[in-house]
Each structure stands twice: as C-alpha cells, then as structure tokens.
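Architecture at a glance
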Amino acid sequence: MKNKGLLTIAGAVVLFLLGLVIGLAAGGPSTEDIEAAVGKRLDEAASAQNERLAAVEAGVDGLKSDLAGRLEGLGAGVEAGKDAVAGIGENVAGLGQSIAAAVKTASADQLAALESGLARLRDRIAAPAPTAEPAAPDAAAPAAAATSAPVEGFGPGETGVLADGAVRVFVSRIDDADHSATVRVNGKDLVLAMGQPQTLVSDAGECRLTLDAVGGGKAAVSAACGDALPAPEGARPGETVALGDGLRVFVSHVSDSGARIAINGTQIQTVGIGESVEARVGETTCSVSVTGVDRGHVALTGSCG
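Turning next to the pairing of strand 11 (residues 269-272). For a regular strand, side chains alternate in direction, first toward one face of the sheet and then toward the other. Here four bridges tie strand 10 (residues 258-263) to strand 11, and the two strands are oriented antiparallel to one another. In the strand pairing of strand 11, Ala259 is matched with Val271. The hairpin turn running from strand 10 into strand 11, its antiparallel successor, is five residues long, and Asn264 in that turn takes a positive phi close to 50°.

Spelled out as structure tokens, the structure:
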C-alpha cells in the first residue's frame, strides 16, 4: 500500500514538471519559483500520505488490542467453566459418599425394631374386639394361668442369637393359649409349636429349632446345628412301627408338615403334625397321632381304649 502511494505522488510530480516545462517554453515563471512550488507540493503530498498511513496503523493496532482482549476473556470463561464442572463433580461424589455412609449405618437392630412395630400393628388388627361383659372363669382357668407363667425367652420385637450366631430368631408374635410363636429365622417366616421342632439350613449346616416353652409373653427357643444335632427320632419312609395292642403303622412318606401312613394295612392317609386318626383293631377303637417330624423321620404315638 505504501509503494502504491509513492508511485501516485511520483506520477503527479512528473505531470507537474511537464506543465512547468511547457510553461517555461511559453515564457512562464523563473526556475526558483518552480523549485519552490515543486518542493511545497512534494511536502504536502508526503505529509498527507504519512497521516493516512498513521491512521491505518492506529486502526490495525486498535483491532489487535480488541482481538487480544476478546481472546483473553474467552480463555477466562473457559477456565471458569472448567472450575465449575470440577466443582459439580466433587459435589456429586461427596453426595454419593454421604448416601452410602447413611445406608451402611442402618443396623440389624433398627430393622428389627421396624419389624417389631409391624408385628404389633398386625396383632392389634387381628385381635378381637373386647366384649361388654367378660366371660366368667371356668374350671380350666387355673390350668391356663399355670401354662402362661413367665419363662426365660424372647418377647415380640426381640431377636435371639442362637447356636453361636448361626441362627437369628426374631419373634413377631406369641400365642400363649396355642403354645406357639410366629418368628422369622434367617429371613424365613415360621410358626413354631411346642413339641414340633423344625429343621432349617444355615451357614453351619442343618439346624434344629425348638420352641421349648411359652409363657408371660415370652418364648423360649433353642437351636442345635451341625455336629451338635442329636440323631433324628422317628420312622423313615418304608418302615413299619408297632405301637402295641395289635396297632401297626406303615410310613409311606414324610414331609415338613406331616406324613402319609397306613394303619394295619388300611388305606394310606395324610396326617399333619399334631393331628390324630382313628382305626379299629378288632372290636377296639385306637388312635394314632403324628407328634413331630425330624429330618425325614416321623414320630408316632398310639393308644387304644
């Protein structure tokens, strides 16, 4: 751009000189006047050109400065965005750690307390409404009072740890009249009845859980596992048990809830734990009861009269 301006000035000077030469030939001004005029014109042209160049350079410098400022501002914005994203990541990570810590602090006792509250609510819903006039006590009342005497055990909402920690028993309900207890054992719901042990599997192998006594709102429960288990009692499927007075019982099948039996070769029938069936032996009426089941064995009793 600068060279182009100089060429324009040079062309103007040449034209001016030609005009002067023609003027001299025609008898124009003197040589001194011509030199003075030419010098003046050259100075004016150079000054104007310098002013234009200075204005262009100032504009370029301003553009550079503005562009540099914008780039610096953009860089600062990017860095601030990075810092904000990093802060959000740290906050999210901290929130996740807090939630995990809160979950881990929930103990088994707190869960047991929740189960206890639910059990009490179920008992209240299931309990019959009180009558206006309570029934008068009968002769059986003293016996009932005797069976409900307090025992050493666990009440509703309490958890017992048995067999060196292999069995955890949470008691949700106790029925003194029925001599039974509703429990949750290692995550499994069971109803325990006195004289009817139940077998379950734990980390220590097979365990036998027994309701030993019920009274005073407490249930005495015991458990034996692994090598501490006694030998199973009762008859296995395929065996025949002689109960006396000509009473013979063939065991066909044993389940957790009872057995299928045939008395003196009669038709096979299913008898649950705690149930009895009658049979005739000659002219005598007899009764056979299933008193318990233990690891595939059934305990039987019989009487005739």
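Picking up after the structure, the text goes on.
Attention now goes to the nonpolar core. Judged by nonpolar contacts, the single largest core of 20 residues is most densely connected at Leu247, Val249, Ile261, Ile263, Val288 and Val298. It is strand 13 (residues 284-294) that provides the largest number of residues to this core, a total of four residues. The contacts of Ile261, once residues within four sequence positions are left out, are Val249, Phe250, Val251, Gln267, Ile268, Gln269, Val271, Val277 and Val288. By size, the runner-up hydrophobic cluster in this structure holds 19 residues, among which are Leu162, Leu209, Val221 and Cys225.

With that out of the way, let us pick up the sheet that holds strand 6 (residues 205-215). If you walk across this open sheet you meet the three strands as 5-6-7, and the pairing is antiparallel. Lying at the two open borders of the sheet, with one neighbouring strand each, are strand 5 (198-202) and strand 7 (218-225). Pairwise comparison of adjacent strand axes, ignoring direction, gives a mean angle of 35° for this sheet. Examined bridge by bridge, strand 6 and strand 7 share eight bridges and lie antiparallel to one another. Paired with Val214 across the bridge in strand 7 is Ala219.

With the rule as written, the count across this model stands at six salt bridges. Notably, a salt bridge pairs Lys218 with Glu158, separated by 3.5 Å at the nearest N-O pair. Of this pair, Lys218 sits in strand 7 while Glu158 sits in the loop between helix 4 (141-147) and strand 1 (159-162), placing them 60 residues apart in sequence. Of the residues examined, Glu158 reaches a relative accessible area of 33% and is grouped as partly exposed. Glu283 is the salt-bridge partner of Arg280, the closest N and O atoms lying 3.8 Å from each other.

Before going further, it helps to spend a moment on the side chain of Ser289. Within the element layout of this structure, Ser289 appears in strand 13. Only 2.4 Å separates the side chain of Ser289 from the side chain of Ser276, close enough to count as a polar contact. Beyond its immediate sequence surroundings of up to four residues, Ser289 is in contact with Glu275, Ser276, Ala299, Leu300 and Thr301.

Let's shift gears to the sheet that holds strand 12 (residues 276-281). Sheet architecture is open: three strands sit in the order 12-13-14, paired in antiparallel fashion. In this open sheet, the two edge strands, each paired with only one partner strand, are strand 12 and strand 14 (297-304). The sheet shows a mean angle of 30° between the axes of neighbouring strands, direction not considered.

To continue, consider the state of the cysteines. Taken as a whole and judged by the stated rule, the model has two disulfides. For Cys207, the disulfide goes to Cys225, at an S-S distance of 1.9 Å. Negative torsions about the S-S bond denote left-handed disulfides, and the value of about 115° found for Cys207 with Cys225 makes this one right-handed. Note that Cys207 is positioned in strand 6 and Cys225 in strand 7, a separation of 18 residues in sequence. Considered together, Cys207 and Cys225 belong to a single accessibility category, that of buried residues. Disulfide partner of Cys286: Cys304, at an S-S distance of 1.8 Å. Between Cys286 and Cys304, the disulfide has an S-S torsion of 105° and is therefore right-handed. Here Cys286 is found in strand 13, whereas its partner Cys304 is found in strand 14, with 18 residues between them in sequence. Accessibility expressed as a relative area gives 2% for Cys286, which makes it buried.

Calculation criteria
- Residues numbered from 1 in each chain as written.
- Predicted model: local features only at pLDDT ≥ 70, side-chain atom pairs only at ≥ 80, totals over all residues.
- Heavy atoms only, no water.
- Pairing = 2+ DSSP bridges.
- Helix = DSSP H or I, 4+ residues; strand = E, 2+ residues; numbered from the N terminus.
- Core = buried A, V, L, I, M, F, W, Y, C linked by side-chain atoms within 4.5 Å.
- Buried < 20%, exposed > 50% of the residue type's maximum accessible area, 1.4 Å probe, protein only.
- Contact = heavy atoms within 4.5 Å.
- Axes fitted to C-alpha atoms, helices over the stretch in contact; angles between N-to-C directions.
- Salt bridge = Lys/Arg side-chain N within 4 Å of Asp/Glu carboxyl O.
- Polar contact = N/O pair within 3.5 Å; in protein donor to acceptor, adjacent residues only side chain to side chain.
- Disulfide = S-S within 2.5 Å.

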